Amino acid sequence: DPENPAALAGIAECMIAAGQPENARQILGNLPEAVAADPAVAAVLKKLDQIEEARKLGDPAALEQALALDPDDHAARLKLAKIRNVEGDRQAAADHLLLVMKRDRAFDDDGARRELLQFFDVWGPKDPATIAARRRSSGDIARLEALVAEQAAALADPLAFRRLDGQFHREIAAVNGNPIFTAL
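Note that the structure is predicted; figures quoted are calculated from it, not measured.

The rules behind the values
Residues numbered from 1 in each chain as written. Predicted model: local features only at pLDDT ≥ 70, side-chain atom pairs only at ≥ 80, totals over all residues. Heavy atoms only, no water. Salt bridge = Lys/Arg side-chain N within 4 Å of Asp/Glu carboxyl O. Helix = DSSP H or I, 4+ residues; strand = E, 2+ residues; numbered from the N terminus. Buried < 20%, exposed > 50% of the residue type's maximum accessible area, 1.4 Å probe, protein only. Phe/Tyr/Trp six-rings, centres within 6.5 Å; stacked < 30°, edge-to-face > 60°.

Caption draft 1: Layout of the pattern of salt bridges. Evaluated as defined, the whole model comprises 15 salt bridges. Between Glu 64 and Arg 84 there is a salt bridge whose closest N-O contact spans 3.1 Å. With Glu 64 in helix α5 (residues 60–69) and Arg 84 in helix α6 (residues 74–87), this residue pair connects regions lying 20 residues apart in the sequence. When its relative accessible area of 34% is taken as the criterion, Glu 64 is described as partly exposed. Glu 87 is paired through a salt bridge with Arg 84; the nearest N and O atoms lie 2.7 Å apart. Taken together, the residues span about one helical turn, with Glu 87 and Arg 84 both in helix α6 at a distance of three residues.

Caption draft 2: Looking closely at the packing of aromatic side chains. Tallied over the full model, the rule gives two aromatic pairs. With 5.4 Å between their ring centres and 35 degrees between their planes, Phe 119 and Trp 123 make a pair best called tilted. Of the two residues, Phe 119 and Trp 123 both sit in helix α8 (residues 111–123), four residues apart, roughly one turn of that helix. Both residues of the pair, Phe 119 and Trp 123, belong to the buried class. Put simply, the rings of Phe 119, Phe 120 and Trp 123 pair up and form one aromatic cluster.

Structural data, given as structure tokens:
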């Protein structure tokens, strides 16, 4: 059925997963208004917008380096969150945005919170990353923030940095509440 929103959204998602976002955009580009307004189709269109935007945000390795030098570079962290989101690393994307919200809620006129809500719209309310991000506490964020600061201070000591990096990722697993991540 050429006007079945769920089918069209599913086909577009398959094209995105196959690395063909342009074809997905083409399929969803000329839909009747009622079909385009369907939540499934609207979420895929937002996802396509996020992919297009992330392509323009720069090299993720350079952004990681900028954050290692200055953990309070919120612009770099926001860009990296957007890139990680389209790469499929939802957990890292949410973590970066939550950290910006914790450190400077007013940055970019509350841009981290607004972006996280956009992610939630695309991920859906039952997605594990949405659920995990919504239940984070300020204590969780403070522990992650302290580990990021320790990592920045340990840049000159590769062994200490790796130890702290492992600790940071174990803490993310614990905060997430996913027993599989915690067991890894």
